[in-house]
Every structure is written in C-alpha cells, then in structure tokens.
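Fold and contact review
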Amino acid sequence: MKAIKYLLIGAAIFTSHVSTFAQDNNKMIIEQATQIIKNKGADFGKQVKQLYKDNKKNPEVLVAIGKLFLHEKDTANAIAFADYALKKDTKFAKAFLLKGDIAVAQDDAGKAAENYQQAKYFAPKDPEGYYKYAMILRGRSPEEAVANLEDLRAQRPDYPVDALAGRIYYIAQNYQKASSYYSKVTDFSKMEDEDLTNFAMTEWLLGNREKSIDICKRGLARNSRRAGWNRIAFYNYTDLKQADEALNYADKLFNQSDSAHIIGEDYIYYGTALQQAQRWDDAIKAYNQALNLDASNPKQLVIINKNLSDVYLGKGDYNNAVTYFEKSFEGTEPTMENLDNLGTLYADIASKKTQAGDTEGAANAFRSADQVYARLMQAYPNYNNYCNFMRGQINANLDPDSKQGLAKPYYEELAKSLEAKAEKNDSEIAMMKQAYLYLIVYHFNVKQDKETSKVFANKMLTIDPENEVAKQVIAIK
C-alpha cells in the first residue's frame, strides 16, 4: 500500500488554467456546502441530502461538493456526489476526474487510471485528465507517461505540454530529461509557478548554476516575493562563491519573501555565504541557527559542525576549530577519513602558527597531529604506510635540521614495507621517494655515514633514475 501511495503522490494535484470549481454564479452554493461539510452539525445527514436535492440538476456543483468531501477525507460522500453528477450527465468528464482523485486517495492506481482515461475520452481538450493519467503511469514508466501527454499536444497545440513532461521527469528524478523538456518551453508566461520552480531546481541539481539563476530571475520578475525562487538563486550564488549576490538573495529569502518556511539548509547556506565573505561571527550565528533547526538530523549535524570548525579555523580560534571538528563525528566510531582530516586540521593549525611566528604553538599542533596518525594506525592498520608517511612529514617539521632523527623510524618503516611489495602504484612510489630522500640526507649530513647514505641513494635511483641528490651522493668518493 505504501509503495502505491508513494507512486500516486501528486496524481490528484493539478492546477489548470480553467477554474476547478463551479462558475461564479455557483459560488454561494459552494460556500454554503463548505460550511456544512466542515461544521458537521447534528443534522449533517439531512443537510447532505438537501445539498443533493437542491443541486441534482447541476453536475458542476455536484462535483465541486464532492471535492469538498474529498478534501475532508470523506470518500464515501465524495463518491456519492461524483455518481450523482454522472447520473445527471453520464459523459461529465469532471466527475470521472473526481472519481480518479478518490481512487488515488484510496491507493487504487488501477481504478484511478480507468477514471482518468474516461475523463480524457469525454473531454479530449481538457489537460487535467491527461496529466493525472500521466501521473499514474509515471510510477511504472515516466516514458509512457510522457507519451500519453503527446496525445494532449495533438488536441491542444497551444498548451505547454513540454512543461508537463518536464514535471513528470522531475518528479521521477530524471533531471536530464526534465531539463530537456523544460528547455523546450519558449514562452515562460505559459509555465506555471510549480514548473518554473522545478526547472530552476533541475538546473541547480545538474550544476547549471547560471541557467538556474536565469530561470529564478524570470520567475521573480513575475513575483519578487516567492520564497522558492529567492532560495534557489541564493543557493546558486553561494555555490558559485559569489558571496555578495548570495547574501543579497539570502536577505530576500529571509526578509522579503511571502510565507517563507525557513529550514536548516537555508542557514547552512547562509553560514557558507557569510564564511565566503569572511564574516566569521555572523557565519557562526547562522550555523548555530542551523544546529537548532536540524538538532534531530545526524547527517546535517555532521556537516554543520564541520563547517563551524572551518569558520573557527579561518577566524584563528584553533581550539574551537578542533572542538567542532571532533563534534562532527561525536558519538560514532571515527572513520579513517575522520581521523585523517583531524590530523590534517592540526597540521593546518601548525602551519598557521608557524606563519605567525608561534614556534611553540606550531610544535604542539604538530605533536597533536602525530598523535592522531598514531591513533589512526592502531584503528586502521591497513593504512600503516600512509600513516608512516604522514608521521614522517610531521616529525620532519618538528625536527627541521634532522639532528634528532625524529622522522627516521617512520620513513624507515615505510621504505621497508613498500620495498616488500611486488607492485606499487604512483602514490606509493611518491612516498618511497620522500622516504629515501630523507634517509639519504639524514645519513649523509647528520650521521656522516656515506656508505649508508649511498645504499639509500641507489634505492632511490631504481625508482627515480634522474634524481639529482641520489646521483650526487653516489658520485662522492
């Protein structure tokens, strides 16, 4: 049942250029019926019977009343009024549409399709039946659904059939085909707001930022206060790293849009745009608002805490940079990537402290990085070669003149391990070169052991025959 219901979502929703309800002279009747159906007084049954008696010769009104019942989830009365309308006019297409909508509400795709086909047959120029039938077909095959819409094109060449086809493919998450059909529409004035939004979203999802922005701007020329278009333009400009434009549309979304439902993702993007503008404190506020809105979404919390770490790093608040990075995998067993990124973060902090002249702070950060890679080696021994490479680099920074030989054990272990491998990839060869270079220089300059230095120089030449340092060492008598 759930699977069918998912496939039918949207089948009963259609905005036609023609009013769904009765004509203006029937409005008072519909308003009266609305009150009766919503209030459900003690004499509700009698009132319903009277509604039928008063309007039994008007199928338009009977269907409109049936829709009111369906909206209130009273499918029994909705079916009754659809049948009343067909009793008066057996070819009344709108009654078949209503019965199709009722079948959708009851998760009966077969019955819905049957009724929508009847609506198409009796009103071949009304797009609603074609679209709703297509929405049923899309669950099985979006291609069949779009082929059905070609029948509508034959009947109504003036109607934006390509936009409906784009909508079908958008709902089916086939964004390439959605883009193809939406792009065929030349008169944007005929596109409904929903389709403009879908079109803009499609191009955003496909990475076509400029095109998506252009579609949003066309929509905003129609209604500058529509939240969806301001949001998509805002996201696009943020992705393009055009912070000024992104923040302009962020303001439009947050402060100049009607009925904007603000979500955590909005604040994540807002924080990102502020971060791009290096407005660190404002970015922190935005991300904290995202944390509040997405408190129950573990995946989003990972992203937000990682972003906060980046902001604090940019701001120069290194303690918080580490704190929030660790929060990004808090409560779970850290992955290899988590630990590697944490080690890289400490190395970045060490580099920034070095540039600022804080030698002691840089050394402490390098030591922390070394501890992280030691932890990674213990948790993920398959990455020992990589960890030895990283620890060799880190310890070389802690011992820049190599006098203490801090990097030596890591490069030795790395070289030994990789030498034992019959086949090596480019990354492994690059790591071996780094290890051999250190060991050549260490033994030659620090230990003044030319013979051992030459051993590593020869090893270097087997993987890098043109290495100048190795050739120079070999040439020394």
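Residues numbered from 1 in each chain as written. Predicted model: local features only at pLDDT ≥ 70, side-chain atom pairs only at ≥ 80, totals over all residues. Heavy atoms only, no water.

**Overview of the overall build of the protein**
Along the protein, the regular secondary structure elements total 26 helices and zero strands. The C-alpha atoms of the protein give 34 Å as radius of gyration, which overshoots the globular expectation for 477 residues (23 Å, by more than 25%). Looking at the protein as a whole, 47% of its 477 residues are labelled buried. Only carbon and sulfur atoms are counted for the fraction: they give 48% of the accessible area of the protein, which is about 24,600 Å². For the protein, the separation between the mean place of its 62 positive charges and that of its 63 negative charges on side chains is 5 Å. (Helix = DSSP H or I, 4+ residues; strand = E, 2+ residues; numbered from the N terminus. Rg over C-alpha atoms; globule rule 2.2 N^0.38 Å. Buried < 20%, exposed > 50% of the residue type's maximum accessible area, 1.4 Å probe, protein only. Areas by Shrake-Rupley, 256 points an atom, 1.4 Å probe, with all protein chains shown as cover. Lys, Arg positive; Asp, Glu negative; His and termini not counted. Charge placed at Lys NZ, Arg CZ, Asp CG, Glu CD.)

**Quick notes on the layout of surface pockets**
The calculated volume of the second largest pocket comes to roughly 230 Å³. Here the lining of the second largest pocket takes five residues from helix H21 (residues 359–379), the largest share from any one element. Among the residues forming the lining of the second largest pocket, the class breakdown is six nonpolar, five polar and three charged. (1 Å grid on protein atoms, 1.4 Å probe; cavity = no way out; pocket = protein on both sides within 12 Å on 5 of 7 lines; lining within 4 Å. Points joined across faces, edges and corners; volume = space filled by probe spheres on them. Nonpolar A, V, L, I, M, F, W, Y, C, P; charged D, E, K, R; others polar.)

**So, the packing of aromatic side chains**
To describe a pair of aromatic rings, one takes the distance between the centres and the angle between the planes. Here the structure, examined in full by the defined rule, presents 25 aromatic pairs. A ring pair is formed by phenylalanine 44 and phenylalanine 69, whose centres lie 6.4 Å apart and whose planes are at 70°; its orientation type is edge-to-face. With phenylalanine 44 in helix H3 (residues 44–55) and phenylalanine 69 in helix H4 (residues 59–71), this pair connects stretches of sequence that are 25 residues apart. Both residues of the pair, phenylalanine 44 and phenylalanine 69, belong to the buried class. Between the aromatic rings of tyrosine 121 and phenylalanine 122, the centroid separation amounts to 5.1 Å while the plane-to-plane angle is 80°, which identifies the pairing as edge-to-face. Members of the aromatic cluster, joined through ring pairs, are Trp204, Phe234, Tyr235, Phe254, Tyr267, Tyr269 and Tyr270. Between lysine 40 and the ring centre of phenylalanine 44, over which it is positioned, the NZ or CZ distance is 5.9 Å. For arginine 167, the ring lying beneath its charged end belongs to tyrosine 131, and the centroid distance is 4.9 Å. (Phe/Tyr/Trp six-rings, centres within 6.5 Å; stacked < 30°, edge-to-face > 60°. Lys NZ or Arg CZ within 6 Å of the ring centre and 35° of its normal.)

**With respect to the nonpolar core**
Of all hydrophobic cores here, the largest spans 140 residues; its most connected members are Ile65 and Phe234. Apart from residues no more than four positions distant in its own chain, phenylalanine 234 is found in contact with Ala246, Tyr249, Ala250, Leu253, Asp266, Tyr269, Tyr270 and Ala273. (Core = buried A, V, L, I, M, F, W, Y, C linked by side-chain atoms within 4.5 Å. Contact = heavy atoms within 4.5 Å.)

**Regarding the side chain of serine 328**
The residue serine 328 is located in the loop between helix H19 (318–327) and helix H20 (336–355) in this model. The exposure class assigned to serine 328 is buried, which follows from its relative accessible area of 9%. In this structure the side chain of serine 328 is engaged in a polar contact, spanning 2.4 Å, whose partner is the backbone oxygen of phenylalanine 325. In this view, serine 328 contacts Val302, Asn305 and Lys306; residues no more than four positions away in its chain are not counted. (Polar contact = N/O pair within 3.5 Å; in protein donor to acceptor, adjacent residues only side chain to side chain.)

**With respect to helix H23 (residues 408–419)**
With twelve residues, H23 extends 16 Å from end C-alpha to end C-alpha; this agrees with the ideal 16 Å at 1.5 Å per step. Close packing links the buried residues of H23 with H21, helix H22 (384–398) and helix H24 (426–446). (Expected span 1.5 Å × (residues − 1).)

**Some remarks on the packing of helix H12 (residues 193–205) against helix H14 (residues 227–239)**
Between H12 and H14, the shortest axis-to-axis distance is 10 Å and the interhelical angle comes to 10°. If you check the angle between H12 and H14, you find them roughly parallel. As H12 packs across H14, the resulting crossing turns out to be left-handed. The segment H12 lies against H14, with Asp193, Leu196, Thr197, Ala200, Met201 and Trp204 engaging Trp229, Ile232, Tyr235, Asn236 and Asp239. When the residues that make up the contact of H12 with H14 are grouped by side-chain class, the tally is seven nonpolar, two polar and two charged. (Axes fitted to C-alpha atoms, helices over the stretch in contact; angles between N-to-C directions. Parallel < 35°, antiparallel > 145°, perpendicular 65-115°, else oblique. Left-handed = near helix turned anticlockwise from the far one by under 90°.)

**A few points about helix H18 (residues 298–315)**
Under the 1.5 Å per step criterion, the end-to-end length of H18 is 26 Å for 18 residues, consistent within 8% with the ideal 26 Å. When we look at burial in H18, the residues that qualify are Gln300, Ile304, Asn305, Asn307, Leu308, Ser309, Val311, Tyr312 and Leu313.

**A word on the pattern of salt bridges**
The final tally for this structure, using the stated rule, is 29 salt bridges. The residue lysine 211 makes a salt bridge to glutamate 203 at a minimum N-O spacing of 3.6 Å. The salt bridge involving aspartate 281 is made with lysine 315; its shortest N-O contact spans 2.8 Å. Linking aspartate 281 in helix H17 (residues 280–293) with lysine 315 in helix H18, this pair joins segments that are 34 residues apart in sequence. Overall, the relative accessible area of 44% leaves aspartate 281 in the partly exposed class. The class for lysine 315 is partly exposed, based on a relative accessible area of 40%. In the salt-bridge network here, residues are joined through shared partners; they are Arg167, Glu192, Glu194 and Asp195. (Salt bridge = Lys/Arg side-chain N within 4 Å of Asp/Glu carboxyl O.)

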